[in-house]
Amino acid sequence: MKPIALKNPAKILALSLIIFFWGNCTAAVCRASSLDENIGRLSHIATSLHPENYAVIDAKGDTVSVSGKFTSDTVKSVSISGTQVSSDKFASEGEGRFSAELKGNPLENGYYDLYINFKSNVYMRYILGYDDAGWFIPDNGLCKANAEVLENVRQSEPIAAAYYISPTGDKDEIKATMDKIQTIAEQVCSGVEDDYEKAYLINRWIADNIYYDHDAAETEVTIETVALCNVLENHRTTCAGFANLFCALLEIEGIRSVNLKGAAASGEITYDNLTTGRENHEFTAFWYEKENRWAYADSCWSGVGNYRNGKYSDSITYDKYFDITGEAFSLDHRADKAEERHYTKALAAVEALEDTQILQTSETSEENVPQEENTQQTEETSVIDNGAVSDTNTASSAALATEKVSPSDISFDTPKEKGSLVPYIIIGIAGVIAVGAGIVLAVRFKKNNKQ
């Protein structure tokens with residue numbers, strides 16, 4: 001059972017320190033690092049398309065202006081790291097609206113952090129660049145590349161989704177887990193008609209109730225770590241588990257979504273190598289039918305509740321990573337592939353596979369009469385049966401590979417076909433002949449040298 005989050009001021013202060021260090025560990029920038037000559041530049045971006053939680057950033061010359069609206073929290077200040085700001089005009093304009101104007105020149109050209117700071121002690125960080133022409137928002141080209149990935153969504157077989165729900169593909173566990181997901185979706189989305197609002201509420205529910213499993217991330221992430229039955233039971237997982245749960249809940253509500261595999265600015269991946277760094281993250285996008293567009297969402301990065309050393313810490317949820325715009329998203333996320341998994345079809349896929357195996361077993365039993373001339377047919381049918389089981393294992397193995405987990409984490413029984421010994425005998429004889437010929441030639445060579 002998930003521990004109850006504590007809300008007293010001391011806990012909030014402690015959480016702010018955790019968030020500060022966590023944010024620095026996942027920073028997408030290197031302060032005052034050298035600028036990439038191939039990087040593009042933007043002067044204007046919106047951070048989100050959510051009408052109640054967004055900021056607009058304008059950067060030009062020696063001035064950076066930020067304005068917007070946040071109803072889920074209150075903005076208290078805006079700042080740029082490592083600079084001397086000559087004027088800082090900040091205004092809170094009511095109903096969550098704010099504006100700020102910052103002027104200043106850093107000591108050297110490079111990348112800097114823009115912070116939007118909230119009263120809850122949460123902050124949102126965005127990267128800025130500064131060169132001889134002044135402030136700008138860097139463009140690494142990932143906005144276009146990420147959009148192209150969403151134009152080529154891969155359809156996953158439902159049997160593979162079964163193993164994202166139950167690590168063993170057990171149909172009873174799949175049914176029980178999907179029933180839980182159905183109940184959660186009904187409770188979270190009760191009375192809500194708009195798909196966008198449903199997706200927003202689901203994202204916040206996950207960020208409020210699921211913790212990031214540092215113990216697994218720092219030791220070994222297995223299919224059990226991200227399987228939905230365990231995510232709901234333990235209230236913890238890693239990024240792929242967050243993505244699986246978000247998409248499964250949306251699918252229950254009839255909203256199309258995809259798991260996105262790629263990279264995010266965290267640890268060894270920074271803004272500088274985000275376009276080429278190794279895959280290290282999984283996140284999501286959902287289709288908003290009303291506006292005919294994809295919307296990015298990362299429920300894993302929407303909350304900073306942690307599970308570490310066997311203990312849960314409190315969770316704070318914020319809205320930076322829900323419906324984040326392509327330009328802002330590309331500052332710390334890269335999508336390599338999009339996969340639409342069919343969680344609601346997984347149970348039927350497992351049942352269909354079982355029916356196929358039962359049918360094949362029945363046919364084998366009818367043909368397996370105790371006569372010597374039918375022995376070969378029985379052996380061949382046995383290989384077919386093993387092949388059917390192997391197909392199930394292949395689906396599970398595919399699910400595992402998607403999590404970037406070593407196949408050695410799960411062992412599968414692989415059917416071994418009986419082969420003839422004749423080729424090996426021939427090879428052995430040939431080897432003996434070759435060795436004998438070599439000895440004869442060596443003896444003759446030695447005799448000739450003596451003569």
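**Q** Would you explain the overall build of the chain in this entry?
**A** Scanning the chain from terminus to terminus reveals 13 helices and 20 strands. Here the chain holds 451 residues, and 47% of them are scored as buried. Expressed as a percentage of contacts within the chain between residues at least 6 apart in sequence, the contacts between residues at least 24 apart total 70%. Accessible surface, the chain as shown: approximately 22,700 Å² in total, 52% of it carbon and sulfur.

**Q** What is the right way to look at the pairing of strand S20 (residues 333-340) in this model?
**A** Both faces of the sheet carry side chains from a regular strand, because those side chains alternate between them. Burial within S20 is extensive, with six of its eight residues counted as buried. Of the strand pairs in this sheet, strand S11 (residues 154-155) and S20 are connected by two bridges, and their pairing is parallel. Among the inter-strand pairings, glutamine 155 is bridged to a residue of S20, identified as glutamate 340. Strand direction decides the pairing type here: strand S14 (residues 257-264) and S20, joined by six bridges, are antiparallel. From the neighbouring strand, alanine 263 faces S20, where its bridge partner is arginine 334.

**Q** Which parts of the structure should I look at to understand helix H2 (residues 142-150)?
**A** The α-helix advances 3.6 residues per turn, and as a result positions three or four apart in sequence lie on the same side. Among all positions of H2, only Leu142, Asn146, Val149 and Leu150 are buried. Considered in projection along H2, the buried side chains sweep an arc of 100° and stay on one side of the axis. Along its buried surface, H2 packs onto S14, strand S15 (281-288), strand S16 (293-297), helix H10 (326-329) and S20.

**Q** It is not clear to me how the pattern of salt bridges should be interpreted in this structure. Could you clarify?
**A** Once their charged atoms are close, side chains differing in charge can pair, the charge on each being opposite to the other. The full count for this structure, using the stated rule, is 21 salt bridges. As a salt-bridge pair, aspartate 336 and arginine 334 come within 2.8 Å of each other at their nearest N and O atoms. One connected set of salt bridges, linked through shared partners, spans Arg154, Lys261, Glu282, Glu339 and Arg341.

**Q** Looking at this structure, how should I read the environment of alanine 349?
**A** Of note, alanine 349 is situated in helix H11 (residues 346-367). The spatial distance from the C-alpha of alanine 349 to the C-alpha of isoleucine 159 is 5.3 Å, given a sequence separation of 190 residues. Setting aside residues no more than four positions away along its own chain, alanine 349 makes contact with Pro158 and Ile159.

**Q** Honestly, the pairing of S14 in this entry has me stumped. Any pointers?
**A** Counting buried residues in S14 gives eight out of eight residues, a clear majority hidden from the surface. For S14 and S15, the ladder comprises six bridges, and the chain directions are antiparallel. If you follow glycine 262 over to S15, its bridge partner there is histidine 281.

**Q** Quick question: what am I supposed to make of the environment of leucine 49 here?
**A** Among the structural elements, leucine 49 can be located in the loop between strand S2 (44-46) and strand S3 (53-60). With 276 residues separating them in the primary sequence, leucine 49 and threonine 325 have C-alpha atoms 6.4 Å apart. With residues near it in sequence (within four places) discarded, leucine 49 still touches Tyr196, Arg293, Asp323 and Thr325.

**Q** Looking at this structure, how should I read the packing of aromatic side chains?
**A** Two descriptors summarise a pair of aromatic rings, namely the distance from one centre to the other and the angle between the planes of the rings. Per the stated rule, a full pass over the model turns up 19 aromatic pairs. On the basis of an interplanar angle of 85° and a centroid distance of 5.0 Å, the ring pair of phenylalanine 70 and phenylalanine 118 is categorised as edge-to-face. Note that phenylalanine 70 is positioned in strand S4 (residues 63-70) and phenylalanine 118 in strand S8 (residues 110-118), a separation of 48 residues in sequence. Each member of the pair, phenylalanine 70 as well as phenylalanine 118, carries the same accessibility label: buried. Ring geometry for tyrosine 111 against tyrosine 271: centres 5.3 Å apart, planes inclined by 70°, an arrangement best described as edge-to-face. Of the two residues, tyrosine 111 sits in strand S8 while tyrosine 271 sits in the loop between S14 and S15, which places them 160 residues apart along the sequence. Overall, tyrosine 111 belongs to the buried group, its relative accessible area being 1%. Following the ring pairs from residue to residue traces out a cluster consisting of Tyr196, Tyr200, Phe246, Phe286, Tyr288 and Phe322.

**Q** Looking at this model, I keep getting lost on the nonpolar core. Mind explaining?
**A** Taken as a class, soluble globular proteins show a tendency for nonpolar side chains to be buried jointly. The biggest cluster of nonpolar side chains holds 95 residues, and the ones touching the most others in it are Ile57, Val66, Leu245, Leu260, Phe286 and Tyr343. At nine residues, the largest contribution of residues to this core is made by helix H9 (residues 239-252). Among all residues touching tyrosine 343, those that are not within four sequence positions of it are Ala161, Tyr164, Ile165, Met178, Leu228, Asn244, Cys247, Ala248, Glu251 and Asn259.

**Q** Mind showing me how you'd approach the sheet that holds strand S12 (residues 211-213) here?
**A** Pairing between the strands of a sheet is mediated by backbone hydrogen bonds and can be parallel or antiparallel. Taken in spatial order, the four strands make up an open sheet running S13-S12-S17-S18, and their pairing is mixed. Two strands bound the open sheet, and with one partner strand each, they are strand S13 (236-237) and strand S18 (311-312).

**Q** Honestly, the sheet that holds strand S10 (residues 134-139) in this entry has me stumped. Any pointers?
**A** What the five strands build is an open sheet, ordered S1-S10-S9-S8-S5; its pairing is antiparallel. For this open sheet the edge positions go to strand S1 (40-42) and strand S5 (75-80), each flanked by a neighbour on one side alone. Strand-to-strand twist in this sheet, taken as the mean axis angle between neighbours without regard to direction, amounts to 40°. Of the pairings in the sheet, the one linking S8 to strand S9 (residues 123-131) comprises eight bridges and is antiparallel in character. Counterpart to glycine 110 in the pairing with S9 is tyrosine 130.

**Q** Even after reading the chapter, I still don't get unusual backbone geometry, so can you show me in this structure?
**A** Note on backbone geometry: most residues besides glycine have negative phi, and most peptide bonds are trans. Positioned with a positive phi, glutamate 95 is a non-glycine residue whose angle comes to about 55°. Its identity as a non-glycine residue notwithstanding, asparagine 309 has a phi of 55°, on the positive side. Looking at where asparagine 309 falls in the secondary structure, it is placed in the loop between strand S17 (306-308) and S18. Residue classification places asparagine 309 among the exposed residues on the basis of a relative accessible area of 65%.

**Q** How should I be thinking about the side chain of glutamate 251 in this particular structure?
**A** Tracing the chain through its elements places glutamate 251 in helix H9. Here glutamate 251 is buried and forms no salt bridge, its nearest opposite-charge partner lysine 345 lying at an N-O distance of 6.6 Å. Ignoring anything within four residues of it in the chain, the contact list for glutamate 251 reads Arg341, His342, Tyr343, Thr344 and Lys345.

What counts and how
- Residues numbered from 1 in each chain as written.
- Predicted model: local features only at pLDDT ≥ 70, side-chain atom pairs only at ≥ 80, totals over all residues.
- Heavy atoms only, no water.
- Helix = DSSP H or I, 4+ residues; strand = E, 2+ residues; numbered from the N terminus.
- Buried < 20%, exposed > 50% of the residue type's maximum accessible area, 1.4 Å probe, protein only.
- Contact = heavy atoms within 4.5 Å.
- Areas by Shrake-Rupley, 256 points an atom, 1.4 Å probe, with all protein chains shown as cover.
- Pairing = 2+ DSSP bridges.
- Arc of directions from axis to C-beta.
- Salt bridge = Lys/Arg side-chain N within 4 Å of Asp/Glu carboxyl O.
- Phe/Tyr/Trp six-rings, centres within 6.5 Å; stacked < 30°, edge-to-face > 60°.
- Core = buried A, V, L, I, M, F, W, Y, C linked by side-chain atoms within 4.5 Å.
- Axes fitted to C-alpha atoms, helices over the stretch in contact; angles between N-to-C directions.
- Lys, Arg positive; Asp, Glu negative; His and termini not counted.

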